[in-house]
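# Commentary on secondary and tertiary structure
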Amino acid sequence: MVDNNTKTPLPTSTPPTPGSSSVATQKHKKQQGEWYFGDQVPFGDPAWYQGSKSPFYNDSHRVWRAKVRAFVDKEIVPHITEWENNHDYPRELHEKAYAAGVLSPLFPKKYGGQPPEGFDSFHDLIWIDEVSRSGCGGVGISVFFIPTMALPPVLYFGSDYLKEKVCRDVITGKKVIALAVTEPFAGSDVAGIRTTARREGDFWIVNGQKKFITAGTKADFFTTAVRTGGEGMGGISLLLVERNMPGVTIRRLPTQGWYTSGTTHIIMEDVKVPVANMIGQENQGFRIIMTNFNHERFTGCVGSLRGARCCLEEAVKYARLRNTFGQRLADHQVIRQKIAEMARQVESTFALIESITFQMNSDPTARTLGGILALAKVQSTKTFEYCAREASQILGGNSYLQSGVGEKVERLYREVRVNAIGGGSEEVLLDLAMRQAKI
């Protein structure tokens, strides 16, 4: 069990008012640094960053939080505008993140993984949350999160040959892997995929298309769902398709948001994939894919809610500075009402996510978590959508521009839909939760 109070001294004076810049406050924050972290913008970070005690976090979590934030603030945030304008990020960012110790916390040390001391699901929560705080979902998903969706099938179900071929290079940032499941006619309905693989001697001959494949522009490997058997989930297998195999054609897709995500359309025409590239057993691919669903949706929950919190934070900062009709924007009751409603949704949703995180410490792949994670993802994306709209209203015309004070909100507004649809649309997830509950 995580013990939050073993090393952290109790405050000996009145906690500082969030946002205060007095000398006394700064001294208190320095003395009680375990309890205060970040800019202290009201609701701009989780409550445990802003003086509230929690049973979930200890010194290891605090060190990890600072480490991830330092990397994001130094190596990502200053470059976002440039990368967004270029619709790309530098490939060396993968290896930079690994060198900083923040690329691969979920993977075993045997293959170069970087789990922090005492790693648990709350370290995972912090990692996703802090990376997502950049407000650039394309970089977050492509550099940090897609490997946690595309690599586990190889790592936990692949042969020793595949593990040696793929795992270390991906985990250390030397190579990139993507997940190729979704097709033009099969999205949330994974069992309906049409891409086929026909056995010919020592090869599988693959034909078909994959669409909306995140990180595809840079990927060296694709964890690919193919149909090797009959209809439905029982006929699906996973193959490791390599970018340089003849017959693989990759085309970038223009997107509403996530400009830096490298989203692609992949066509495979008579691609010869060695039998040794089969991940797991033939016709057992659907089961392997399902083991990833919980963490994929957990990532969507945490990332979407941090998007909502970023919108809330930007709205608060702007409302404190902007003056209208002789007073601060924040002093108008209607604006305070908007901020209060945003804060209510963000804080309550984060409490739900923390509760789920605690359950994931026992078994992150547990089938029983599927329903509540589905509900939580919908809650997170709806909160994100609400906060993006309300922040846009508060910032006014500034939120319509891709530069200046409203740039972050403008970018996040464009990222709402991909979060609400990706990893299972809101409608599909709500139905899943009710089916699991046996309503």
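Everything numeric here is computed off the predicted structure, so don't read it as measured data.

Before going further, it helps to examine the packing of helix H6 (residues 137–150) against helix H9 (residues 285–321). Relative placement of two packed helices is described by the angle separating their axes and the distance separating the axes. Where H6 contacts H9, the axes come no closer than 9 Å and their chain directions differ by 165 degrees. With respect to their mutual orientation, H6 and H9 come out roughly antiparallel. For the crossing formed where H6 meets H9, the hand is left-handed. Each of Phe145, Thr148 and Met149 in H6 lies in contact with H9, whose residues at this interface are Asn292, His295, Glu296 and Thr299. For the contact of H6 with H9, the per-class residue count stands at 2 nonpolar, 4 polar and 1 charged.

Our focus in this paragraph is the environment of Gly262. Along the chain, the position of Gly262 falls in the loop between strand S6 (248–252) and strand S7 (264–274). Since its relative accessible area comes to 2%, Gly262 is described here as buried. Apart from residues lying up to four places away in sequence, Gly262 is in contact with Ile213, Thr214, Ala215, Gly216, Thr217 and Arg252.

When a protein is soluble and globular, its nonpolar side chains tend to lie buried together. Residues Ile76, Phe144, Leu151 and Ile394 are the most contacted members of the largest nonpolar core, which totals 116 residues. If sequence neighbours within four positions are ignored, Ile76 has contacts with Phe71, Trp83, Leu93, Ser134, Val139 and Phe144. The next biggest cluster of nonpolar side chains, apart from the first, holds 5 residues, and it includes Ala374, Val378, Leu432 and Ala433.

Right, let's get into the confidence of the model for the protein. Overall, the predicted model of the protein reaches an average pLDDT of 91, with 92% of residues at or above 70. This stretch, residues 1–32, has a pLDDT under 50; its non-local contacts, to residues over four places away or in other chains, come to 49 contacts.

Most of strand S4 (residues 221–227) sits out of view: 7 of its 7 residues are buried. Residues Phe221, Thr223, Ala225 and Arg227 of S4 are buried on one face, and the alternating residues Phe222, Thr224 and Val226, pointing to the opposite face, are buried as well. Two elements, strand S1 (residues 177–180) and S4, share 4 bridges in a ladder whose sense is parallel. Paired with Ala178 across the bridge in S4 is Phe222. Both S4 and strand S5 (residues 236–242) contribute to a ladder of 7 bridges, which runs antiparallel. In the sheet register, Val226 faces S5, and the bridge partner there is Ser237.

Tracing the backbone through its elements, the reader meets Lys338 in helix H10 (residues 333–360). A distance of 3.0 Å separates a polar atom in the side chain of Lys338 from a polar atom in the side chain of Glu390.

Once that is clear, we can look at the layout of surface pockets. Roughly 500 Å³ of internal volume is contained in the second largest pocket. In terms of lining residues, the second largest pocket is bounded by 20 residues, among which Leu106, Tyr156, His295, Pro364 and Thr365 are the most central. Listing elements by their share of the lining of the second largest pocket, those giving two or more residues are helix H5 (121–132), helix H7 (152–157) and H9. In terms of residue class, the lining of the second largest pocket is built from 9 nonpolar, 8 polar and 3 charged.

Glancing now at empty space enclosed by the protein. Here the structure, examined in full by the defined rule, presents 3 cavities of 30 Å³ or more. Of the voids in this model, the largest cavity is the one considered here, and its volume is about 80 Å³. For the largest cavity, the full set of lining residues is His94, Leu103, Ser104, Phe107, Val143, Pro147, Val170, Ile171, Gly173, Lys175, Val176 and Ile177. Those elements that provide at least two residues to the lining of the largest cavity are H6 and helix H8 (160–171). In the lining of the largest cavity, the residues fall into 8 nonpolar, 3 polar and 1 charged.

Conventions used here
- Residues numbered from 1 in each chain as written.
- Predicted model: local features only at pLDDT ≥ 70, side-chain atom pairs only at ≥ 80, totals over all residues.
- Heavy atoms only, no water.
- Axes fitted to C-alpha atoms, helices over the stretch in contact; angles between N-to-C directions.
- Helix = DSSP H or I, 4+ residues; strand = E, 2+ residues; numbered from the N terminus.
- Parallel < 35°, antiparallel > 145°, perpendicular 65-115°, else oblique.
- Left-handed = near helix turned anticlockwise from the far one by under 90°.
- Contact = heavy atoms within 4.5 Å.
- Nonpolar A, V, L, I, M, F, W, Y, C, P; charged D, E, K, R; others polar.
- Buried < 20%, exposed > 50% of the residue type's maximum accessible area, 1.4 Å probe, protein only.
- Core = buried A, V, L, I, M, F, W, Y, C linked by side-chain atoms within 4.5 Å.
- pLDDT = per-residue confidence, 0-100.
- Pairing = 2+ DSSP bridges.
- Polar contact = N/O pair within 3.5 Å; in protein donor to acceptor, adjacent residues only side chain to side chain.
- 1 Å grid on protein atoms, 1.4 Å probe; cavity = no way out; pocket = protein on both sides within 12 Å on 5 of 7 lines; lining within 4 Å.
- Points joined across faces, edges and corners; volume = space filled by probe spheres on them.

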